[in-house]
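Descriptive analysis of the structure
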Amino acid sequence: MTESVRRLADVPDWGYLLAEFDTAYRYRSAGGSRLIRGHMKAVRERLSRCIAGDPPLDFPLPERKPVCAHLGRALDNGERDTMSGMVRAIDKVKDWLTWRHGYASMPRHLEKRYAYADILGPHGPVYCKELTLGLVLFAPRTTYPAHAHSGITESYICLSGATSENDAGVYVPGAMILNVPEHDHAITTSDREPALLAYAWVGAPEDLANQEMVFSRKRKPAPLTRNPE
Ligand SMILES: [Fe+2]
């Protein structure tokens, strides 16, 4: 007997979570930025095409990482704030999530303080070759070192907790952060509460499928040179 392929329409809770992504990228403000507005449009057009095709779902075995001990608190805080619709939808699928570290080499302090879970993308669980959506969870008082994405425009939507990026501001639920390709970005979280962010990656299929996760190398200071006089 052959097992039929499970499709998105067979798993309504996953579809409702994707509907929350669509709502966020359709109705949240771009703050007057044409660049962010264009990115939001690209995300929802790609998501709409993907959903219209009733894509297959392939769930790897659910996997937790140590930082998942903070997920309950992150969801509780998020349910009380402006992104509560998406946070409640995440709560419905949390037992199916596969949390990963992704980096071949990672600072030791991050092992207990960070993980991500894909929702949709070239590696599933919902198959889509032109868009990646997922979640990233940080413990309180975490510094996520600088990294950049080759060929990929990335946005984060803050769902729970408070986050800063490159010391440029403090982002709370409902805020969107845009990182253009090759833009170095480091993230920190507040002292007492975890942070949960949703992310979207837009890029060419080969860049989405083969993105190598590496932290940016620290630039060495320029060598001191003698004055040639
Ligand atoms: Fe990033």
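Please refer to the structure higher up on the page.
Attention in this report is confined to the structure presented alongside it. (Residues numbered from 1 in each chain as written. Predicted model: local features only at pLDDT ≥ 70, side-chain atom pairs only at ≥ 80, totals over all residues. Heavy atoms only, no water.)

Looking now at the coordination of the iron ion. Within the protein, His147 (NE2), His149 (NE2), Glu154 (OE), Glu154 (OE), Tyr156 (OH) and His185 (NE2) serve as the donor atoms for the iron ion, at 2.2 to 2.5 Å. Classification of the site at the iron ion rests on its six donor atoms, whose angles at the metal span 53 to 157 degrees, yielding the label irregular. Counting the intervening residues between successive donors of the iron ion yields the motif H-x1-H-x4-E-x1-Y-x28-H. With His147 in strand β5 (residues 143-147) and His185 in strand β10 (residues 185-189), this pair connects stretches of sequence that are 38 residues apart. For the residue pair His147 and His185, the accessibility class agrees, reading buried in each case. (Donors = N, O, S within 2.8 Å, 3.2 Å for Na, K, Ca; no water. Tetrahedral: all angles 85-135°; square planar, octahedral: opposite > 155°, others 65-115°. Helix = DSSP H or I, 4+ residues; strand = E, 2+ residues; numbered from the N terminus. Buried < 20%, exposed > 50% of the residue type's maximum accessible area, 1.4 Å probe, protein only.)

Before going further, it helps to spend a moment on empty space enclosed by the protein. The full count for this structure, using the stated rule, is one cavity of 30 Å³ or more. Counted as a void, the largest cavity has a volume near 50 Å³. Pro60, Thr98, Arg100, Asp118, His123, Gly124 and Pro125 are the residues that line the largest cavity. Along the lines of polarity and charge, the residues of the lining of the largest cavity split into two nonpolar, three polar and two charged. (1 Å grid on protein atoms, 1.4 Å probe; cavity = no way out; pocket = protein on both sides within 12 Å on 5 of 7 lines; lining within 4 Å. Points joined across faces, edges and corners; volume = space filled by probe spheres on them. Nonpolar A, V, L, I, M, F, W, Y, C, P; charged D, E, K, R; others polar.)

So, on to the pattern of salt bridges. Under the definition given, this model contains six salt bridges. A salt bridge links Glu130 to Arg49; its shortest N-O distance comes to 2.9 Å. Here Glu130, found in the loop between β3 (126-127) and β4 (131-138), pairs with Arg49, found in helix α2 (residues 34-52); they are 81 residues apart in sequence, far enough to count as distant. (Salt bridge = Lys/Arg side-chain N within 4 Å of Asp/Glu carboxyl O.)

This paragraph deals with the layout of surface pockets. Taken as a whole, the largest pocket encloses approximately 370 Å³ of empty space. Together, 25 residues line the largest pocket, and Tyr116, Asp118, Tyr199, Trp201 and Met213 are the ones closest to its centre. Broken down by secondary-structure element, the contributors of at least two residues to the lining of the largest pocket are β2 (114-121), β4, β5, β6 (152-160), β11 (195-203) and α5 (205-209). With four residues, β2 is the largest single contributor of residues to the lining of the largest pocket.

Attention shifts here to the nonpolar core. Within the largest apolar cluster, 49 residues are counted, with the highest numbers of intra-cluster contacts made by Trp14, Leu133 and Leu159. With sequence-adjacent residues up to four places away left out, Trp14 is seen in contact with Leu8, Leu57, Phe59, Val93, Trp96, Leu97, Ile119, Pro125 and Val126. In terms of nonpolar packing, the next biggest core, distinct from the first, is built from 21 residues, Leu110, Tyr114, Ile152 and Ile177 among them. (Core = buried A, V, L, I, M, F, W, Y, C linked by side-chain atoms within 4.5 Å. Contact = heavy atoms within 4.5 Å.)

Along the chain, Asp118 falls in strand β2. Salt bridges are absent for the buried Asp118, whose nearest opposite-charge side chain, Arg100, sits at 4.6 Å. Within the structure, Asp118 has its side chain in polar contact with the side chain of Tyr199 (distance 2.6 Å). (Lys, Arg positive; Asp, Glu negative; His and termini not counted. Polar contact = N/O pair within 3.5 Å; in protein donor to acceptor, adjacent residues only side chain to side chain.)

So, on to the packing of aromatic side chains. Summed over all chains, the structure comprises eleven aromatic pairs. When the ring of Trp14 is compared with that of Trp96, the centres are 5.9 Å apart and the planes differ by 15 degrees; the resulting orientation is stacked. Remark: Trp96 occurs in the loop between α4 (84-93) and β1 (99-100) and Trp14 occurs in helix α1 (residues 12-27); sequence separation between them is 82 residues. For Trp14, a relative accessible area of 0% puts it in the buried group. For Trp96, a relative accessible area of 35% translates into the label partly exposed. Both rings, one in Tyr144 and one in Phe215, keep their centres 5.7 Å apart while their planes meet at 80 degrees; by these two values the pair is edge-to-face. Taken together, the residues Tyr144 in strand β5 and Phe215 in the segment after α5 connect sequence positions 71 residues apart. The class of Tyr144 is buried, set by a relative accessible area of 4%. (Phe/Tyr/Trp six-rings, centres within 6.5 Å; stacked < 30°, edge-to-face > 60°.)

Glancing now at the sheet that holds β10. Reading across the sheet, the four strands line up as β5-β10-β7-β8 and stay open at both edges, with antiparallel pairing between neighbours. Only two strands of the sheet have a single partner each, and these edge strands are β5 and β8 (170-171). Where strand β7 (residues 163-165) meets β10, three bridges bridge the pair, whose relative direction is antiparallel. Within β10, the residue paired with Ser164 across the bridge is Thr188. (Pairing = 2+ DSSP bridges.)

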